[in-house]
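Structure assessment
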2 protein chains.
Amino acid sequence: MARRDRVGITDVAAKAGVSVTTVSHVLSSRRPVSEATRAKVMAVIEELDYRPNELARSMRARRTNTVGLVVPDITNPFYTSAARGLQDALAPAGYHCIVTSTDSDHQVEHEVIRQMLTRVDGVVISGGSRTADIQPVIDAGMPMVLLGTDEPGAGFDVVTNADFDAGVTAARYLVDRSYRRIGFITAQDADSVAQARLDGYRSVTESDPELVVEETNNLEGGTRGFARLMQLSEPPDAIICVNDVVAIGVMYGAQDARRAVPDEVAVVGFDDIEAASLVAPRLTTMATASREHGKAAGELLLRRIQDESREPQRVVFPAKLIERDSA
Amino acid sequence: MARRDRVGITDVAAKAGVSVTTVSHVLSSRRPVSEATRAKVMAVIEELDYRPNELARSMRARRTNTVGLVVPDITNPFYTSAARGLQDALAPAGYHCIVTSTDSDHQVEHEVIRQMLTRVDGVVISGGSRTADIQPVIDAGMPMVLLGTDEPGAGFDVVTNADFDAGVTAARYLVDRSYRRIGFITAQDADSVAQARLDGYRSVTESDPELVVEETNNLEGGTRGFARLMQLSEPPDAIICVNDVVAIGVMYGAQDARRAVPDEVAVVGFDDIEAASLVAPRLTTMATASREHGKAAGELLLRRIQDESREPQRVVFPAKLIERDSA
DNA sequence: TTGAAAGCGCTAACAG
DNA sequence: CTGTTAGCGCTTTCAA
């Protein structure tokens, strides 16, 4: 089955006995067309099943109605939700979205971004890209919003998560519920997100440095971290973990050690992954509004595309405490 | 910051003192260019940081190097992985991917697909779209591959999951391990995937109809289903669940009823969601090779774009048994 | 080995 | 109210 030759505006014009200009205008309503003509043209459009070629339109208008989304890995739930939120914002405006995963490879990222530049009206970039990687975007004067980064390099639209505050909220929640010694399990080579969460926690507890342990960023890390914390002369009665997987690991450690959660140790995680509500006891956690992040990024980007001289804006979403059974 | 006017091929030609034709040819190597000229042109390209406008290229070549992916919801892990696999296949070929979630709204789907038609070289459609919705794609002679559908409507490239076989494998695994009475919890208003899994199970057990119960497709459904199954005069010693969430629900039911998993009741799920390896005991499940699905779809699509008269092909992936602790 | 010029399908001045 | 025409930035005959 060969691709059928698309019917063009010329075909419509010919068949309707009018000029292409007129056809163009019945489509765009950018200038009056007599009712008779309009009807005739519409009939022909219908009959020929004509659809304007968006490519040609884009070329003329220098507007592609498409934006690019660059993420480390679309498979990461945070980015998945964000992508969905982005589409939520884009769809009503008739915008499409090209998604690319870079696996955090700067080379790939750089290349991908350059490739996109001529095909999109703007880009959403996430995953703490280095300034060097986004330089081409800046040079091209391409509308851009940074997602989930803490890049201080102001001058751009940014939407990000209040990770420090999330750390504060988690710690305070525990304090308010009379937990006295609160431990924290963080990840080895913590990224800025993990660091901010830890800093937030530190800001509310008079932290005994012993209470903060570094572990691998997985289930086993959590279990090990729990064991280490419990060996302290004064073990904690509550543990905050840098993310839910680690937190679940902690709960298994507790289970193995016959420590009741939350009665003997409370556990709080971050992210609200699906498993958080599926484990027993269900995990109390700080949820990131990832879909909202994406949506906000989309709205910001759309506004910037419309008005490139707008003042750069910074949107920060608070994490939301999801009270469940583990604390 | 106004969008800087992109430097075009004309600018390069002018600055290099050659014709645009020549510039075009040093880029495409579609005809010989003297080494001196080529060097000069390359130098100017470098200096001006010139990048050809892909839009204009696409328009001439009638090839956009972009494909569309239409899914019900990119947030569903199956589609997320598939999207990633699709990109895996596409990236080496220099193809990009426009992703759209339709929420299974036929209206949206129809509209989205029509919109895409002039912007992409092919589409991957998933989520059991009705024939009516994909009619525009067919009419346009647009290369297409159906993902995860069982649409018998042959004539298209299809990549799908061997759900029936997965049901068989799960049941047989249990039989081989000497479980005698195997129950199955399916979902109310089961879709074709659920139905195929159930059918596969039925084909290996001499099924006592009592052993198959319908429940809501969630954690509670699993727990309830477990309770119902245990009330049987001859309760099962193993339970297969239509998906992992239901299976986890079953495990909680078992826990509440003080039935040891897998010693008293074995549990097997489908999908291998993240939580499957995070719950205790870890859930044995039939994993769908979703990323491979997407990759295969991409390869099929690229081949069809190259050769539209190729014989339609059907790629079926077997589910993979992930042995863990629950069975 | 190189150029001039004709479009790809559409929109928007600029005329009637 | 409608039509003619000049491009958008590129590739590709056709001609030298």
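Residues numbered from 1 in each chain as written. Chains lettered and ligands numbered in written order. Predicted model: local features only at pLDDT ≥ 70, side-chain atom pairs only at ≥ 80, totals over all residues. Heavy atoms only, no water.

As annotated in an unreviewed UniProt entry, chain A carries the name LacI family transcriptional regulator and comes from Stackebrandtia endophytica.

Counting its secondary structure elements, chain A contains 12 helices and 12 strands. Its C-alpha atoms give chain A a radius of gyration of 26 Å, more than 25% over the compact-globule value 20 Å for 327 residues. C-alpha extents for chain A along the principal axes are approximately 90 × 40 × 40 Å. Burial statistics for chain A: of 327 residues in total, 54% are counted as buried. Once local pairs closer than 6 in sequence are excluded, the contacts in chain A between residues at least 24 apart make up 68%. Of the roughly 14,500 Å² that chain A leaves accessible, carbon and sulfur atoms contribute 48%. Taken together, the 36 basic and 47 acidic charged side chains of chain A have centroids lying 10 Å from each other. (Helix = DSSP H or I, 4+ residues; strand = E, 2+ residues; numbered from the N terminus. Rg over C-alpha atoms; globule rule 2.2 N^0.38 Å. Buried < 20%, exposed > 50% of the residue type's maximum accessible area, 1.4 Å probe, protein only. Contact = heavy atoms within 4.5 Å. Areas by Shrake-Rupley, 256 points an atom, 1.4 Å probe, with all protein chains shown as cover. Lys, Arg positive; Asp, Glu negative; His and termini not counted. Charge placed at Lys NZ, Arg CZ, Asp CG, Glu CD.)

This brings us to the sheet that holds strand E12 (residues 320-322) of chain A. Residues and elements named next belong to chain A. Strand order in the open sheet formed by 6 strands is E7-E6-E8-E9-E10-E12, with mixed pairing between adjacent strands. In this open sheet, the two strands that pair with only one neighbour each are strand E7 (212-215) and E12. Adjacent strand axes in the sheet meet at a mean angle of 20° when their direction is disregarded. Most of the contacts of helix H8 (residues 163-176) go to strand E9 (residues 266-271), to which it runs at about 160°, and overall it touches strand E6 (182-187), strand E8 (238-241), E9, strand E10 (284-287) and E12. (Pairing = 2+ DSSP bridges. Axes fitted to C-alpha atoms, helices over the stretch in contact; angles between N-to-C directions.)

All right, on to the relation of the copies chain B and chain A then. Superposition record for chain B on chain A: RMSD 0.1 Å, screw rotation 180°, translation along axis 0.0 Å. The operation mapping one copy onto its partner corresponds to a two-fold rotation axis. Mapped onto chain A, 100% of the interface residues of chain B are again interface residues, and the two copies thus contact each other with one and the same surface. (Least-squares fit on C-alpha atoms with pLDDT ≥ 70 in both.)

Neighbouring DNA strand C are 25 residues, the closest being Ile9(A), Arg60(A), Arg31(B), Thr37(B) and Arg62(B). When atoms of DNA strand C within 4 Å of the protein are sorted by moiety, sugar and phosphate together comprise 54%. The backbone of Ser34(B) places a nitrogen or oxygen atom 2.9 Å from a phosphate oxygen of DNA strand C. Those elements that provide at least two residues to the surface near DNA strand C are helix H2 (20-28) and helix H4 (54-61) of chain A together with helix H2 (20-28) and helix H4 (54-61) of chain B. In terms of residue count, H4(A) provides more of the surface near DNA strand C than any other element does, 3 residues in total. Its residues assigned to classes, the surface near DNA strand C comprises 8 nonpolar, 10 polar and 7 charged. (Near = heavy atom within 4 Å. Polar contact = N/O pair within 3.5 Å; in protein donor to acceptor, adjacent residues only side chain to side chain. Nonpolar A, V, L, I, M, F, W, Y, C, P; charged D, E, K, R; others polar.)

Pairing of strand E6 (residues 182-187) of chain B with strand E7 (residues 212-215) of chain B, which is carried by 4 bridges, proceeds in the parallel orientation. Note on E7(B): the bridge partner recorded for Ala187(B) is Glu215(B).

The next subject is the protein's contact with DNA strand D. Near DNA strand D you find 25 residues, and of these Thr21(A), Thr37(A), Arg62(A), Ile9(B) and Arg60(B) are the closest. A breakdown of the atoms of DNA strand D within 4 Å of the protein gives sugar and phosphate a share of 53%. Contact distances for DNA strand D include 2.7 Å between a phosphate oxygen and a side-chain N or O atom of Thr22(A). Arg31(A) is positioned such that a nitrogen or oxygen atom in its side chain is 2.6 Å from a base oxygen of DNA strand D. Those elements that place two or more of their residues in the surface near DNA strand D are H2 and H4 of chain A together with H2 and H4 of chain B. Taken together, the residues of the surface near DNA strand D break down into 8 nonpolar, 10 polar and 7 charged.

Residue and element names in this part refer to chain B. Mapped onto the secondary structure, Arg304 falls in helix H12 (residues 290-306). Residue classification places Arg304 among the buried residues on the basis of a relative accessible area of 9%. Of the polar contacts made by the side chain of Arg304, one reaches the backbone oxygen of Arg310; its length is 2.9 Å. Look past the residues within four positions of Arg304 in its chain and what remains in contact with it is Pro143, Met144, Asp157, Ser309, Arg310, Glu311 and Pro312.

Here we come to the packing of helix H10 (residues 219-230) of chain B against helix H11 (residues 244-256) of chain B. All names here are of chain B. Packing of H10 against H11 leaves a shortest axis separation of 6 Å and a crossing angle of 50°. By the angle class used here, H10 and H11 are oblique. Seen along the crossing, H10 lies across H11 with a hand that is right-handed. Counted together, Leu219, Gly222, Thr223 and Phe226 of H10 and Val245, Val246, Ile248, Gly249, Val250, Tyr252, Gly253 and Ala254 of H11 form the full contact between these two elements. In terms of residue class, the contact of H10 with H11 is made up of 8 nonpolar, 4 polar and no charged. (Parallel < 35°, antiparallel > 145°, perpendicular 65-115°, else oblique. Left-handed = near helix turned anticlockwise from the far one by under 90°.)

Residues and elements named next belong to chain B. Tallied over the full model, the rule gives 4 aromatic pairs over all chains. Between Phe78 and Tyr79, the aromatic rings sit 5.2 Å apart at their centres with planes inclined by 75°, giving edge-to-face as the arrangement. Relative accessible area serves as the criterion here: at 22%, Phe78 is assigned to the partly exposed category. (Phe/Tyr/Trp six-rings, centres within 6.5 Å; stacked < 30°, edge-to-face > 60°.)

Our next topic: H2(A). Residues and elements named next belong to chain A. Thr22, Val23, His25 and Val26 are the residues of H2 that are buried. For H2, the arc enclosing every buried residue in end-on projection is 165°, short of the 170-degree limit, so these residues lie on one face. In this structure, the buried residues of H2 make contact with helix H1 (9-16) and helix H3 (35-48). (Arc of directions from axis to C-beta.)

Here we take up the UniProt feature "domain: HTH lacI-type" (unreviewed entry) in chain A. The UniProt record annotates "domain: HTH lacI-type" (unreviewed entry) at residues 7-61 of chain A. Helix makes up 71% of residues 7-61 of chain A and strand 0%. Its end C-alpha atoms lie 21 Å apart. (UniProt positions renumbered as here; feature names shortened; annotations may be inferred.)

Pairs of packed helices are described in terms of their axes, by the angle between the two and the distance that separates them. All names here are of chain B. It is the contact of helix H1 (residues 9-16) with H2, at a shortest axis distance of 8 Å, that shows an interaxial angle of 105°. The angle between H1 and H2 places the two elements in the roughly perpendicular class. Between H1, through Ile9, Thr10, Val12 and Ala13, and H2, the contact on the second element is made entirely by Val20, Val23 and Ser24. In the contact of H1 with H2, the residues fall into 5 nonpolar, 2 polar and no charged.

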